[in-house]
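This is what each chain is made of:
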Amino acid sequence: MDTMRSLGPGALGMALVGTSVSVSHTLTDAPLFTAQAVRYAAASLLLLALARAAGARLVWPRGREWLWLAGLAASGLVLFNIAVVRGVAHAEPAVIAVAVACVPVLLGVIGPLLERQRPSRQVMLAAPVVVAGAVLVQGTGRTDATGVAWATLALACEAGFTLLAVPVLRRHGAWGVSVHCVWLGSLMFAVLAAFTEPSSSLAALGSRQWLAVGYLAVLVTAAAFVLWYSTVAAVGAGRAGLLTGVAPLSAAAGGAFTGGGVPGAAVWAGLAVVVGGLVLGLRPRRTPGPDTTTNTTTNTVPGTAPDAAPGTAPDTVRKNAPQPAPESAQWAGSGG
């Protein structure tokens, strides 16, 4: 039950991210770097205020943490948003959403390796199911070669958004990673805007574009980032990665809500497949009960290893005694 509660924030965060593809379509004619710089600057201020209200402890990055966080901001924020906004000019939003939905396969393999664990067989079996369902929901969509290239870049960047956070989540937690990557992303976009867009770019934003920037800043950035990283810290990148399948479902629901029509049979079939994949990959792992363990009687003293067989040296007994788990196994999958 605790694991399922930990998955809730990530699912909600991915639902919010799923709405960003359609909203980003509003910004295709806007000065991209300026709009995104404003978005992330506003989100960073909001995150700081929320972190303070929540009593979260924020620490300054050190050493190699700067590289992880800068890489996270550059890929998961800057390049991802460029890929989405430029991609929807060459492809239907469905194509971009399907590319993002393929992330579970990457996270299911690479995520556990970064956490010094072996990929979960349960997650590896479920990941292709989630991807197949997402493709059914969104369809292949209309695109050209440029649209495919942008979609591929979006896939890599979305995976980097989670994988590059794994090494720093333990020390910084969900709040710290969110705050630092957002202000770094804002700075990167501001530099790009200063060199590539005129100083009058802010005045070029229309009312609908300002609304889109506000929505992306508050819900898709400030709220969704904290929700997502809370789940990654709690259950690990591999299992959390399955929740990216929620994004295309949210995108499809948003399209219907905004006048895109009632989903067809293929969409409903895809919904069922995604839900089945999530149930397969996220169901609680079974642990052996007391009646499944072998009951043996040994003469032991509290705090010592069991008696050795006759003729066994004391050193061998100590080597065969249960050893504490390495530090990486103790923190992997626990809250940040």
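Attention in this report is confined to the structure presented alongside it. As the structure is a computational prediction, the values presented were derived from the model and not from experiment.

Moving on, we come to the pattern of salt bridges. By the definition in use, this model includes 1 salt bridge. Between Arg171 and Glu65 there is a salt bridge; the shortest N-O distance is 2.7 Å. Of this pair, Arg171 sits in helix 9 (residues 166-196) while Glu65 sits in helix 4 (residues 65-87), and the two are 106 residues apart along the sequence. Its relative accessible area of 29% is what places Arg171 among the partly exposed residues. Since its relative accessible area comes to 11%, Glu65 is described here as buried.

Another aspect to go through is a nonpolar patch on the surface. The grouping of Leu45, Leu48 and Leu58 at the surface amounts to a nonpolar patch, some 270 Å² of accessible area in total. Residue position: Leu58 is located in the loop between helix 3 (32-54) and helix 4.

Turning our attention to the side chain of Ser178. Its place among the elements puts Ser178 in helix 9. Within polar-contact distance, the side chain of Ser178 engages the backbone oxygen of Ala174 at 2.8 Å. When near neighbours in sequence (up to four residues on either side) are disregarded, Ser178 contacts Leu47, Phe225, Val226 and Tyr229.

Our focus in this paragraph is the packing of helix 9 against helix 10 (residues 207-235). Relative orientation of the contacting elements helix 9 and helix 10 amounts to 160°, with a least axis distance of 9 Å. Taken together, helix 9 and helix 10 sit at an angle that is classed as roughly antiparallel. Our pair here, helix 9 against helix 10, has a crossing hand that is right-handed. Contacts from Leu169, Ala174, Trp175, Val177, Ser178, Cys181 and Val182 of helix 9 reach helix 10 at Thr221, Phe225, Val226, Tyr229, Ser230, Val232 and Ala233. A breakdown of the residues in the contact of helix 9 with helix 10 according to their chemical character gives 11 nonpolar, 3 polar and no charged.

Calculation criteria
- Residues numbered from 1 in each chain as written.
- Predicted model: local features only at pLDDT ≥ 70, side-chain atom pairs only at ≥ 80, totals over all residues.
- Heavy atoms only, no water.
- Salt bridge = Lys/Arg side-chain N within 4 Å of Asp/Glu carboxyl O.
- Helix = DSSP H or I, 4+ residues; strand = E, 2+ residues; numbered from the N terminus.
- Buried < 20%, exposed > 50% of the residue type's maximum accessible area, 1.4 Å probe, protein only.
- Patch = residues over 30% accessible without salt bridge, like charges linked within 9 Å, V, L, I, M, F, W, Y side chains within 5 Å.
- Areas by Shrake-Rupley, 256 points an atom, 1.4 Å probe, with all protein chains shown as cover.
- Polar contact = N/O pair within 3.5 Å; in protein donor to acceptor, adjacent residues only side chain to side chain.
- Contact = heavy atoms within 4.5 Å.
- Axes fitted to C-alpha atoms, helices over the stretch in contact; angles between N-to-C directions.
- Parallel < 35°, antiparallel > 145°, perpendicular 65-115°, else oblique.
- Left-handed = near helix turned anticlockwise from the far one by under 90°.
- Nonpolar A, V, L, I, M, F, W, Y, C, P; charged D, E, K, R; others polar.

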